[in-house]
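Examining the three-dimensional arrangement
Single-letter residue listing:
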Amino acid sequence: MVPRPTWLCRPGPGSSVGRQMRRQYVILLAVIALTMFVLQAVQPSARTTLTGAVPGEQLVFLSYNIRHGRGLDRRVSLDRIATVLADSGADIIGLNEVDRRVPRSRWQDQARFLGQQLGFNHVFGTNVRWALLGEYGNALLSRFPITEYRNYRLPGPDGRSEPRGLLVAKIRVGQVELNVGVTHLGVTAAERRGQLAEVARIMAELNGPVILLGDFNLSASAPEMEILTQTLSRAGGGEPLLTYPANRPVADIDHLFYRGLYPIRAEVLESEASDHRPVRVIFPWPDPGE
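All of these numbers come straight from a predicted model, not from anything done at the bench. (Residues numbered from 1 in each chain as written. Predicted model: local features only at pLDDT ≥ 70, side-chain atom pairs only at ≥ 80, totals over all residues. Heavy atoms only, no water.)

Looking at the overall build of the protein
The condition is simple: In this description a helix means any DSSP run of H or I spanning at least four residues, a strand means any run of E spanning at least two, and both kinds are numbered starting from the N terminus. Per-residue accessibility, obtained with a 1.4 Å probe over protein chains only, is compared with the maximum for each type, and a residue is labelled buried under 20%, exposed over 50%, and partly exposed between these values.
Across its full length, the protein holds 5 helices and 12 strands. Within the span of the protein, comprising 290 residues, buried residues form 47% of the whole.

The structure is reproduced here in structure tokens:
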């Protein structure tokens, strides 16, 4: 009988060669799994297609607290947020609770990612900075050119409260320059009183049409809102726009205020991509003669 070549012989499970082969097999599987994970993480998502304003007809705004892309299913998905934004047909979008290079949202620059997905310009206003663990704040996305912007620090009652801010940008829409602000106010009445006063002061000093969007943590019927409504009007009038919680909204805390433009319609869109629902407000195309 002719002996089999040694390279055809299968080593026994207890042999040193067998143990070595098993180790190599496990390492190979780990490398393959890691490679697939990295490729999936770095692979760019397809750009979301959307339809927006037709010059001379309408201009669409959206205010949305995205909770760093974490939906009601506890899954973080910016692709899902991008789909909500695209489906809204919005031209100018104010976002709250946006991460920038934070571990919980996979180190993404979320404003930049969403801007790239939509083909929009974007700016980000940092309110919280965690050293090596990234930043957190508000963002503004715009189909139109953003000519300048500034992030204002809002007052808080003490050093223990989460820092809040107001991001203000000038956006060129046709022949009109709009002043657009995005803010996210505090959770206590003591915080909000001072913050509302500062927001009202800043917005009152702006020349030209003004739009203010955001999560105010405050109902439209709250007495404190008079600080803003002395100089700005709220989209939706006396009707509450219920946005929170997203699955069964009972609170109207996300709003859009305006001056110099007059809305056609204000509505809340259904989505569970965050714990808030977005507010969409449609304006006529701005007239440079007004």
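There's more to say after this.
Examining helix H3 (residues 110–118)
Cut-off, in case you're wondering: Throughout, a contact is declared for two residues whenever any of their heavy atoms are within 4.5 Å.
Where burial is concerned, most of H3 is hidden: 7 out of the 9 residues are buried. Within H3, burial applies to Gln110, Ala111, Phe113, Leu114, Gly115, Gln117 and Leu118. Buried residues along H3 sit against helix H2 (78–88), strand E2 (92–100), strand E3 (121–129) and strand E4 (135–142). Following H3 by one or two positions, glycine 119 adopts a phi angle in the positive range, close to 75°.

Focus: the side chain of lysine 170
Threshold: Contacts described as polar in this section are N or O atom pairs within 3.5 Å, which, within protein, must combine one atom able to donate a hydrogen with one able to accept it, while residues neighboring in sequence count only if both atoms come from side chains.
With respect to the helices, strands and loops of the structure, lysine 170 is situated in strand E6 (residues 164–173). A polar atom in the side chain of lysine 170 sits 2.7 Å from the side chain of asparagine 179. Ignoring anything within four residues of it in the chain, the contact list for lysine 170 reads Pro145, Ile146, Thr147, Glu148, Glu177, Leu178 and Asn179.

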